[in-house]
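# Analysis of the macromolecular model
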Amino acid sequence: MSDPFKVLTSRTLVLSQTNIDTDQIIPARFLTTTSREGLGVHAFHDWRYESDGTPRPEAVLNRIDPSEQRILVAGANFGCGSSREHAPWALLDYGFRAVISTGIADIFTSNALKNGLLPVEVDAATWEDLAANPDQPVTLDLEAGELRRGNHAAVPFTVEPFARQCLLDGVDPLGWLQKHLPAIEAFEHQSVSEPVA
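Reference entry: report on the structure contained in this document. (Residues numbered from 1 in each chain as written. Predicted model: local features only at pLDDT ≥ 70, side-chain atom pairs only at ≥ 80, totals over all residues. Heavy atoms only, no water.)

### So, unusual backbone geometry
- Of note in the backbone geometry, Asn19 takes a positive phi value of approximately 60° without being a glycine.
- Tracing the chain through its elements places Asn19 in the loop between β1 (7-15) and α1 (22-25).
- Despite not being glycine, Asn77 has its phi angle at roughly 65°, a positive value.
- Tracing the chain through its elements places Asn77 in the loop between β2 (69-74) and α3 (86-94).
- The exposure class of Asn77 is partly exposed, given its relative accessible area of 33%. (Helix = DSSP H or I, 4+ residues; strand = E, 2+ residues; numbered from the N terminus. Buried < 20%, exposed > 50% of the residue type's maximum accessible area, 1.4 Å probe, protein only.)

Structure follows, in structure tokens:
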């Protein structure tokens, strides 16, 4: 699925708009593929390009190095709208590995976790500091469940335990099952072999 997610340290990109929906993240006209690759070029397409496809030089997403800014700090209610799984695919393919917000839509959170993108919800004060200091390196430590930056106290965050383990292992739920296939088959064989009481 993706590289294991244990500790990520990166500068951030701030998109402070609230209610960024999945159609803004990846417009519906680009959903003709079932592949996860190649969608990054269309991430936030209508913010980044003119109607004729010319890049907008003022668009911040056209001016950063995605390999250096791998954490997106987004406004509240990020990922609302439809349940399209392409939204986290596009963000990952663009170069993001995590999204931080004061509120992330439930369906987007589920899709993100299944695809290796870490969604982190923080309190308003932490978000304000992150938004005001985008060049400040941020560390997301999934093993410890902590967000760290500068001289600030660590901010705890939680991730559903099964999703957390999948991220740490770099597998999706199907990959996790496949990894445990020998144990599953042994259990099934044992269950079939045991006489019914």
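Structure's up, so let's keep going.
### A look at α3
- Most of α3 sits out of view: 7 of its 9 residues are buried.
- Three or more residues of α3 are buried, namely His86, Ala87, Pro88, Trp89, Ala90, Leu91 and Tyr94.
- Here the buried face of α3 lies against α1, α2 (45-48), β2, β3 (98-101) and α4 (106-115).
- Within two residues after α3, Gly95 carries a phi angle of roughly 135°, on the positive side. (Contact = heavy atoms within 4.5 Å.)

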